[in-house]
Amino acid sequence: MSVTVHGTPGHSLTQSGAVKYGSASRRGAFHERQVAQALQQWLTVRPDHFHLFHDLGGFGDVTGGSKGVLNLGGSNIDHVVLGGTTWLIIDAKGCGAGVLGLDPDSNGILTRTDGSTLPQQWLDDGRAYSRAGIIYRLTDATAGQTAWIVPDTTLLHPDVCAARCQKKGGIILPMRAITDGHFDHHFLQPQPAANPAHVDRLAARVSSPEERTNLP
C-alpha cells in the first residue's frame, strides 16, 4: 500500500561521523541507506500503511509505558518501523564480506575472505534491550522486536547466535531477509493505522530536520 518516511538514513554518520570514524562512517552510512531502501521496498508491497523512521536520537530522560526514566545519552537508532500493533528496530551493520562469528573468548569478530580478522564490538554490546526500552516508552508500552541487518556478503557462523547483543532478544539477518518478507510474521496483516501520538513522538527524535515522504 504505502509508507510514510521520516528523516534521512545515515544522517548522523554523514554529518559528524566522518571526523570521528573516517572511512568506517562512510561505509556505515552507505549500508544504512541500502537497508532503508530494502525496508521501503518491503513495506510498499504490503496491503497496509506503515511509518518508517531513520536515524533517531536525543534519548535523554525518556519516560512512558509506566516505566522509570531511561537515558541512552548519545546513542542512536538507525531505523524504526511502526505499525498499529507493534514496532521493529533495525540496526544496520555494514561489516563487510567475510564470516561473522565469535572468537574463543566469545567476542565478536569478522573473519575476512583473506583470513584476517576484525573485531565486531557491536556483537558484544548489551544495550539493545535499553534501545527497545526507549521505543517501548515512546509507544505507551507497545511491545516490539530488534534486528541487526548485515550485508548479504556477510555470512553468519552458527555461533553468532550466542552473541551478547542477542542475550535479551533480537536476531541477526542478511539484508535480503527484509525484501524476502522475513518480518511479515511480526506485523500481522493487515496492520491497523499507527497511533498518531506515537508517530509524533518518534518523528520528534529523527536527527535530520523532520521531513515526511509518502511512498506509494
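About the thresholds
- Residues numbered from 1 in each chain as written.
- Predicted model: local features only at pLDDT ≥ 70, side-chain atom pairs only at ≥ 80, totals over all residues.
- Heavy atoms only, no water.
- Helix = DSSP H or I, 4+ residues; strand = E, 2+ residues; numbered from the N terminus.
- Rg over C-alpha atoms; globule rule 2.2 N^0.38 Å.
- Contact = heavy atoms within 4.5 Å.
- Areas by Shrake-Rupley, 256 points an atom, 1.4 Å probe, with all protein chains shown as cover.
- Lys, Arg positive; Asp, Glu negative; His and termini not counted.
- Charge placed at Lys NZ, Arg CZ, Asp CG, Glu CD.
- Phe/Tyr/Trp six-rings, centres within 6.5 Å; stacked < 30°, edge-to-face > 60°.
- Buried < 20%, exposed > 50% of the residue type's maximum accessible area, 1.4 Å probe, protein only.
- Core = buried A, V, L, I, M, F, W, Y, C linked by side-chain atoms within 4.5 Å.
- Arc of directions from axis to C-beta.
- Polar contact = N/O pair within 3.5 Å; in protein donor to acceptor, adjacent residues only side chain to side chain.
- 1 Å grid on protein atoms, 1.4 Å probe; cavity = no way out; pocket = protein on both sides within 12 Å on 5 of 7 lines; lining within 4 Å.
- Points joined across faces, edges and corners; volume = space filled by probe spheres on them.
- Nonpolar A, V, L, I, M, F, W, Y, C, P; charged D, E, K, R; others polar.
- Pairing = 2+ DSSP bridges.

**Q** Let's hear about the overall build of the chain: which residues, and what values?
**A** Broken down by element type, the chain carries five helices and 13 strands. Taking 216 residues into account, the globule formula puts the C-alpha radius of gyration at 17 Å, and the chain, at 17 Å, falls close to it. Projected onto its principal axes, the C-alpha positions of the chain cover 50 × 35 × 30 Å. Taking as baseline every contact in the chain between residues at least 6 positions apart, the subset at least 24 positions apart corresponds to 71%. When the accessible surface of the chain is summed, it comes to about 10,100 Å², and 53% of that surface belongs to carbon and sulfur atoms. Within the chain, the 19 negative side-chain charges are centred at a point lying 4 Å from the centre of the 18 positive side-chain charges.

**Q** Outline the packing of aromatic side chains, supporting the account with residue identities and numerical values.
**A** Each pair of aromatic rings is reported with the distance of its centres and the angle of its planes. Under the counting rule described, the total for this entry stands at four aromatic pairs. The interplanar angle of 50 degrees and the centroid separation of 6.1 Å between the aromatic rings of W42 and F183 together place this pair among those described as tilted. With W42 in helix α2 (residues 23-44) and F183 in the loop between α4 (176-179) and α5 (196-203), this pair connects stretches of sequence that are 141 residues apart. Relative accessible area serves as the criterion here: at 3%, W42 is assigned to the buried category. Judged by its relative accessible area of 0%, F183 is buried. Put simply, the rings of W42, F50, F183 and F187 touch in pairs and so form one group of aromatic residues.

**Q** With reference to specific residues and values, describe the nonpolar core.
**A** Counting residues in each nonpolar core, the largest one holds 21 residues, and the members touching the most others are V81, I178 and F183. Residue contributions to this core peak at five residues, all from α2. Sequence-distant contacts of V81, that is, excluding residues within four places in its chain, are made with L39, W42, L43, F50, H51, L52, T86, W87, L88 and F187. Formed by 20 residues, the second largest nonpolar core is a distinct cluster that contains L56, L82, I134 and L138.

**Q** Account for α5, with residues named and values stated.
**A** Turning to α5, its buried residues are H198, V199, L202 and A203. Take α5 and look down its axis: the buried residues cluster within an arc of 130 degrees, on one side only. With a side-chain oxygen lying 2.8 Å from the backbone nitrogen of A197, the N-terminal cap of α5 falls on N195.

**Q** Residues and numbers for the layout of surface pockets, please.
**A** Each pocket or cavity is described by its volume, and for the second largest pocket that value is around 400 Å³. Forming the walls of the second largest pocket are 22 residues, and the residues nearest its centre are A128, Y129, A132, G133 and K168. Those elements that provide at least two residues to the lining of the second largest pocket are β4 (67-70), α3 (128-138) and β10 (144-150). Grouping the amino acids of the lining of the second largest pocket by side-chain chemistry returns eight nonpolar, nine polar and five charged.

**Q** So what's going on with the environment of A204? Residues and values would help.
**A** Inspection of the secondary structure puts A204 in the loop between α5 and β13 (212-215). The sequence separation of A204 and G57 amounts to 147 residues, and the corresponding C-alpha distance is 9.2 Å.

**Q** Could you give me a rundown of unusual backbone geometry, with the residues and numbers involved?
**A** The residue after Q189, namely P190, is reached through a cis peptide bond having omega -10 degrees. Looking at where P190 falls in the secondary structure, it is placed in the loop between α4 and α5. Notably, S106 is not glycine yet its phi reads approximately 70 degrees, a positive angle. A positive phi angle is found at D140, which is not glycine, with a value near 55 degrees.

**Q** Residues and numbers for the environment of I178, please.
**A** Take I178: it is sitting in helix α4. Sequence separation of I178 and W42 is 136 residues, and the distance between their C-alpha atoms is 6.6 Å. Here I178 is in contact with V35, A38, L39, W42, I149 and F183, once residues within four sequence places are set aside.

**Q** Got a sec to walk through the pairing of β4? Specific residues and values, please.
**A** Relative to β4, strand β3 (residues 62-64) runs antiparallel, the two being bridged by two bridges. Bridged to G64 within β4 is K67. Remark: two residues form the turn of the hairpin made by β3 and β4, two consecutive strands paired antiparallel; G65 in that turn has positive phi of roughly 60 degrees.

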